[in-house]
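# Inside the fold
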Amino acid sequence: MQGPEDEGATVAQTVRTEEQLPPRPYGGKAMLRLLEMLESQGLTTLAQAAVAAATTPEVQAEAVTHAESIGLLSTPAPERPATRTRRKANPDDEEAANAGAEAAGDVASAEELATMYADAAPDGTGPPTAAGPQWRSVGPWTVTNGQTYGGSRVNVSGRVSALAVDPGNPAHVLAGAANGGVWESRDRGASWGPRTDYASTLTVGALAFDPTRPANVYCGLGEGDWWSWLGNGVIRSTDGGASWVRACFAPFVGQGFFAIRVDPTNGNRLYGGTTGGLWVSTDAGTTWTQRRSAATYAISIGTGEVLASSSDGLFRSTDSGTTWTGVNLPGAPAGFVRLAVSHAPSNPTVAYAFGTGAPWIPQPDGSQIPTGYLWRRAGRGGWTALGLPPGLATVQSWYDWYVAAAPDRDTQVYCGSIEVHRGDLSGTTWTWQTISNHGSTGQSIHPDQHSIAFEPGNANMVYAGCDGGLFRSPDRGATWVNCNNGLVISEFEYLAQDWGSARWLIGGTQDNGTNRWTGSPVWQHVDDADGGDVWVNRQTPTIVVHSRQWGSLLRSTSSGEFGTWSNVTPARPAGEAVGLFYPPLEGSATSGNTVALGMRALYVSRDSATSWTRVGFPTAGVASALAVPDPDTVLVGLQDGRVLRSRFTAGAWSALAALTTPRAGATISDLAAEVGGGGRIWATSSTRGGGRVFRSDNGGTTWTDVSAGLSSLPVNAIAVDDGNRNRIWVAADLGVFQSLNAGASWTDFSATLPNAFIGDLVFHPHARVLRAGTRNRGVWEIPVDGWMTNPICGTQWTGTLAANASGRWFTFGWPATWHMLWTAVPTSPVPGAPQITFRTQVERADAEHVTYWITVRNLTAQPVTFEGRYAILSRY
């Protein structure tokens, strides 16, 4: 989605000079996010391969150099590959697989990484059984008020990378979420259920029904569009997608799927297109043979032929995939960023090919974008170049791109990029409509298109999967219905909470803005663009600050209500670049109005983001984590592993002082510190190949690596129990872990939590609930001590009243989240009539606490002694 620093954005922002606008890599905003993530984990070789995969040989060297020059890639770069293959062509050649990783100093190859993730999680078909607290979903069941490029607002969820409709039951739909697993609907997307929450990976790149035996379904793991390095094979269902078993790991470990197809004449023959080539199976996906090594994006089965589109062109097979010959596309470039292909089902002699490649078009920020191409084959003759849809965007064609001919018309074609464009041929004239964006008056859907499917027997019914979820059109794109109710696949980057409410959260999501939860499974979209980090003022929780991409800040003084946000972005000096795409934002964890933003310097405010002070780093760096334990202390973690501290003394913020570095060269992913920052500090790292959780008990003078006992995966977030400084939780890429002894030992704390990537943790000290923001399985919570099954009862005070007298008592400091009952009970029995009456009144003493006022009246002519008793019914 467009944001405040995107071309054409209309949101008012702090004025900056042209040279200060953030430069982008080749491949646009989606590539920028991918590179930042891979680099933060120390995966330089994979990051370089990702740049190469989003370009063509003519500009690969320039693209890598450009990414290095804007700080998105480590240097020096290894030799650039001459092809688009992202991994070794021969899956058995370990030496070739590891050569690139060793050259760049990576911790692991893509194949080793995928195996590491698979080993870190169960590969089961149901939730793990365990005693003790269990996680449960907080949604979003759907997100209302979601953004589009048109004038309409829609319900959204998260990225849908794959789609398949049952050829034997048109109401039966399967959707694959980017990193949220396979979902099943039996009512055309009106409701959904997750089907692979506990598979070895939730990354999904392709889905396909067997046309002749629809109970058989295949899923290619590893999303080719983004999460490709986490792929680890194919899973298979024999009950239409309700349950799944492993078909194979090899040869796909470390590869992402773009396509999987089942031969309609032989259900045991499958075709697979992955980042590692073109593959064929003749035993229902158990074993595979590589037929081509170039990355393959789409496979289309016609009558007597199969077409496959790859990074090096379009290829055709007439012998069930055994041999392949190149297809001449007039005017085609030598290589493609992306190439899609589709037969016209109503007339398979007609086919369409849709791609991008050279020549590359320079952009003002120093990057370049590829040229688009569209061809049509009429009959078995040659291919003809067509004009492109007006307004076609090619910048992210490596990420969102497809073509599909209408099932019933060989003269109608759908082209997906950022928008969905439908072309209709009448005679010799093509007309185009942008059916995903109907402007200010029509129904629009979320942009960034990844998948498309049609209802069997009803070509009018079109499904479109995009960054905002899934949408269905009953009339070929003229109108749309959202299919995001119950599709719980939002991709949360960060979370924040109101300490005074157990049922209030706000979080930033990838491409779906900032969303808020107030207790219902339905969340509300409260601001647009890419949602980043969020801060809620602990003392005044109506004040909320959130970030968009590149540190653009907005503030609401109305608890984040939609339409109440105003720009509070700190101005940067001329020439200072931005920081991370999602820069860290934190505020005081105790009291006061201090809030801080970490960029290429520290920006800190003591008045809830009204005014800002810039505090420069001792030497150049990029902030990756912050901790603000109190209004006078800020700690900053940098991508290079440094931890810095500033204190507010004598009316000013001190220069940032460097603490001892816990692990040099390793990205600091999160920080937690006790008040003052001079005692216990926690630091986590997302970089592999070393310690990932560190504790200092002397303000950062020395550090202890307490990573032993954790999985080998990156650690992204930490939360500390406010009532027990030795009890902590950390979130890894997969799984949450708990320590009860300050990191000396760890236990898995993931019971019933889906096998999803976890980006952030927040702990509510009063409700005693830990929340996790995942990508792409929404938000989950767990009562760290278990849910209360019995009330907690006690006596708060004992009082005495004279005959017929009244008195009032108060008791303070009770968490506002708790549900409580109060009563007054005489201590001496006097049968026959009531002795006392009482009334309870409540004062909201501050944002987190309440004071109970209990008025007691003696109804008798004798003195009476009584107890003031309470019952805590729930903390939540």
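Think of each chain on its own: its residues are numbered from 1, step by step along the sequence as written. At least 70 in pLDDT is required for a residue's local features to be given in this predicted model, at least 80 for side-chain atom pairs to be given and counted, and no such filter applies to totals for whole chains, interfaces and linings, which use all residues. Hydrogens are left out, water is left out, and the side-chain values use all remaining heavy atoms of the structure.

## What to know about the overall build of the chain
Along the backbone of the chain there are five helices and 65 strands. The atom set for the radius of gyration is the C-alpha atoms, and the globule formula is 2.2 Å times the number of residues raised to the power 0.38. Taken over C-alpha atoms, the radius of gyration comes to 29 Å for the chain, in line with the 29 Å a tight globule of 876 residues would show. By principal-axis analysis of the C-alpha atoms, the chain measures approximately 110 × 65 × 50 Å. Each residue gets one of three labels from its accessible area relative to the maximum for its type: buried under 20%, exposed over 50%, partly exposed in between, using a 1.4 Å probe on protein chains only. Burial status across the chain gives 62% buried among its 876 residues. Residue pairs at least 24 apart in sequence account for 56% of intrachain contacts in the chain once pairs closer than 6 positions are excluded. All accessible-area figures derive from a Shrake-Rupley calculation using a 1.4 Å probe, and residue coverage is judged against the displayed protein chains alone. Of the roughly 29200 Å² of accessible surface on the chain, 51% is carried by carbon and sulfur atoms. Counted charges follow a simple rule, with Lys and Arg positive, Asp and Glu negative, and His plus the chain ends left uncounted. For charged residues, the charge sits on one atom: NZ in Lys, CZ in Arg, CG in Asp, CD in Glu. A distance of 5 Å separates the average location of the 60 positive side-chain charges in the chain from that of its 74 negative side-chain charges. In this text, helices come from DSSP runs of H or I with a minimum length of four residues, and strands from runs of E with a minimum of two, each type numbered from the N-terminal end. A contact between two residues is defined here by any heavy atoms of the two lying within 4.5 Å.

## Some remarks on empty space enclosed by the protein
Of the two site types, the cavity is a set of points on a 1 Å grid over the protein atoms alone where a 1.4 Å probe fits but cannot get out, and the pocket is an open set with protein on both sides within 12 Å along at least five of seven lines, each lined by residues with an atom within 4 Å of a point. Grid points are joined across faces, edges and corners, and a volume is the space filled by probe spheres set on the points. The tally for this structure, following the rule as stated, stands at three cavities of 30 Å³ or more. Of the pockets and cavities examined, the second largest cavity occupies roughly 60 Å³. Taken together, Tyr117, Asn179, Ser200, Thr201, Leu202, Thr203, Leu230, Leu734, Asn755 and Phe757 make up the full set of residues lining the second largest cavity. Residues belonging to the lining of the second largest cavity are distributed by class as follows: five nonpolar, five polar and no charged. The nonpolar class holds Ala, Val, Leu, Ile, Met, Phe, Trp, Tyr, Cys and Pro. Asp, Glu, Lys and Arg form the charged class, and all remaining residues, Gly among them, are polar.

## Quick word on the side chain of Glu36
Counting through the fold element by element, Glu36 comes out in helix H1 (residues 28-40). A carboxyl oxygen of Asp or Glu within 4 Å of a side-chain nitrogen of Lys or Arg is what we treat as a salt bridge. Arg600 is the oppositely charged side chain nearest to the buried, salt-bridge-free Glu36, at an N-O distance of 7.2 Å. Sequence-distant contacts of Glu36, defined by excluding residues within four places in its chain, comprise Leu72, Gly579, Leu580, Phe581 and Tyr582.

## Some thoughts on helix H5 (residues 110-119)
Summarising burial for H5: seven of the ten residues are buried, a large majority. Of all the residues in H5, the buried ones are Ala110, Glu111, Leu113, Ala114, Met116, Tyr117 and Ala118.

## Side note on the environment of Leu635
For Leu635, the position within the fold is in strand E45 (residues 633-638). Excluding residues that lie within four positions of it along the chain, Leu635 makes contacts with Ala625, Leu626, Ala627, Pro629, Val643, Leu644, Arg645, Leu659, Leu671, Ala673, Gly677 and Ile681.

## Concerning the sheet that holds strand E43 (residues 613-615)
Where strands meet in a sheet, backbone hydrogen bonds hold them as pairs that are either parallel or antiparallel. A pair of strands counts as paired when DSSP detects no fewer than two bridges linking them. The strand order across the open sheet formed by four strands is E40-E41-E42-E43, and the pairing between neighbours is antiparallel. Of all strands in the sheet, those with a lone pairing partner are strand E40 (585-587) and E43, marking the two edges. Each adjacent strand pair in this sheet contributes to an overall mean axis angle of 20°, direction not counted. Summarising the sheet, E40 and strand E41 (residues 595-598) pair through three bridges and their orientation is antiparallel. Paired with Glu586 across the two strands is Ala596, which belongs to E41. Inter-axis angles, ranging from 0 to 180 degrees, are taken between N-to-C directions of lines fitted to C-alpha atoms, where helices are fitted over the stretch in contact.

## Describing the pairing of strand E34 (residues 513-517)
Each regular strand shows side chains that alternate between the opposite faces of the sheet. Across the five residues that make up E34, a large majority, five, are buried. Here strand E33 (residues 505-509) runs beside E34; their pairing, made up of five bridges, is antiparallel. The residue of E34 that forms the bridge with Thr509 is Gly513. With antiparallel pairing between neighbouring strands as the criterion, E33 and E34 make up a hairpin whose turn holds three residues, including Asp511 at a positive phi of roughly 65°. As consecutive antiparallel partners, E34 and strand E35 (residues 522-527) are separated by four residues, and within that stretch Gly519 has a phi angle of approximately 115°, a positive value.

## Considering H1
With 13 residues, H1 extends 19 Å from end C-alpha to end C-alpha; this agrees with the ideal 18 Å at 1.5 Å per step. Along H1, 13 of the 13 residues are buried, which leaves the element largely enclosed by surrounding structure. A positive backbone phi angle near 80° is found at Gly42, which sits one or two residues after H1. Take the residue count of a helix, subtract one, and multiply by 1.5 Å to get its expected span.

## Digging into the pattern of salt bridges
This model, assessed by the stated rule, comprises 36 salt bridges. A salt bridge links Arg269 to Asp263, with the nearest nitrogen and oxygen atoms 3.1 Å apart. For Arg771, the salt bridge is made with Glu781, and the minimal N-O distance between the two is 2.8 Å. Of the two residues, Arg771 is situated in strand E58 (residues 769-775) and Glu781 in strand E59 (residues 779-783); the sequence distance between them amounts to ten residues. For Arg771, a relative accessible area of 0% puts it in the buried group. The class of Glu781 is buried, set by a relative accessible area of 2%.

## With respect to the sheet that holds strand E13 (residues 270-274)
Strands sit in the order E12-E13-E14-E15 across an open sheet of four strands; the sheet is antiparallel. Single-partner strands in this sheet number two, and they are strand E12 (257-262) and strand E15 (289-292). Recorded for the sheet is a direction-independent mean angle of 25° between the axes of neighbouring strands.

## Regarding the confidence of the model for the chain
Scored between 0 and 100, pLDDT is the confidence that the predictor attaches to each residue. The predicted model of the chain has a mean per-residue pLDDT of 92, with 93% of residues at 70 or higher. Note that residues 3-20 has pLDDT below 50 and, in this model, 42 contacts with residues that lie over four places away or in other chains. Below a pLDDT of 50 lies the segment residues 76-107, which in the model reaches 71 contacts outside its immediate sequence neighbourhood of four places, other chains included.

## What about the packing of helix H2 (residues 44-53) against helix H3 (residues 60-69)?
A pair of packed helices is characterised by two quantities: the angle between their axes and the separation of those axes. Where H2 contacts H3, the two axes come as close as 9 Å, and the packing angle between them is 130°. As the angle between them shows, H2 and H3 are arranged oblique. Both H2 and H3 take part in a crossing whose hand is right-handed. Here Gln48, Val51 and Ala52 of H2 come into contact with H3, specifically with Gln60, Ala63, Val64 and Ala67. For the contact of H2 with H3, the per-class residue count stands at five nonpolar, two polar and no charged. Orientation categories follow fixed angle ranges, with anything under 35 degrees roughly parallel, anything over 145 roughly antiparallel, 65 to 115 roughly perpendicular, and all other angles oblique. Take the far helix as your reference; a near helix turned counterclockwise from it by less than a right angle gives a left-handed crossing, and one turned clockwise gives a right-handed crossing.

## Considerations on the environment of Ser547
Looking at the secondary structure, you find Ser547 in strand E37 (residues 544-547). Considering only alpha carbons, one finds Ser547 and Gly532, 15 residues apart in sequence, at a separation of 5.0 Å. With residues near it in sequence (within four places) discarded, Ser547 still touches Asp530, Gly531, Gly532, Asp533, Ser552, Leu553, Pro583 and Leu585. A polar side-chain atom of Ser547 sits 2.9 Å from the main-chain amide nitrogen of Asp533. Polar contacts, as used here, are pairs of N or O atoms within 3.5 Å; protein pairs need one atom able to donate a hydrogen and one able to accept it. Residues neighboring in sequence count only if both atoms are side-chain atoms.

## Considerations on unusual backbone geometry
Omega for the bond connecting Ala250 with Pro251 falls within 30 degrees of zero, at 5°, which places this linkage in the cis form. Topologically, Pro251 is positioned in strand E11 (residues 245-253). With an omega of 10°, the peptide bond running from Arg775 to Asn776 counts as cis. Take Asn776: it is sitting in the loop between E58 and E59. Residues other than glycine seldom take positive phi values, yet Arg188 does so here, at roughly 60°. Within the fold, Arg188 resides in the loop between strand E6 (181-185) and strand E7 (193-194). We note that Arg476 has phi near 60°; this positive angle belongs to a residue other than glycine.

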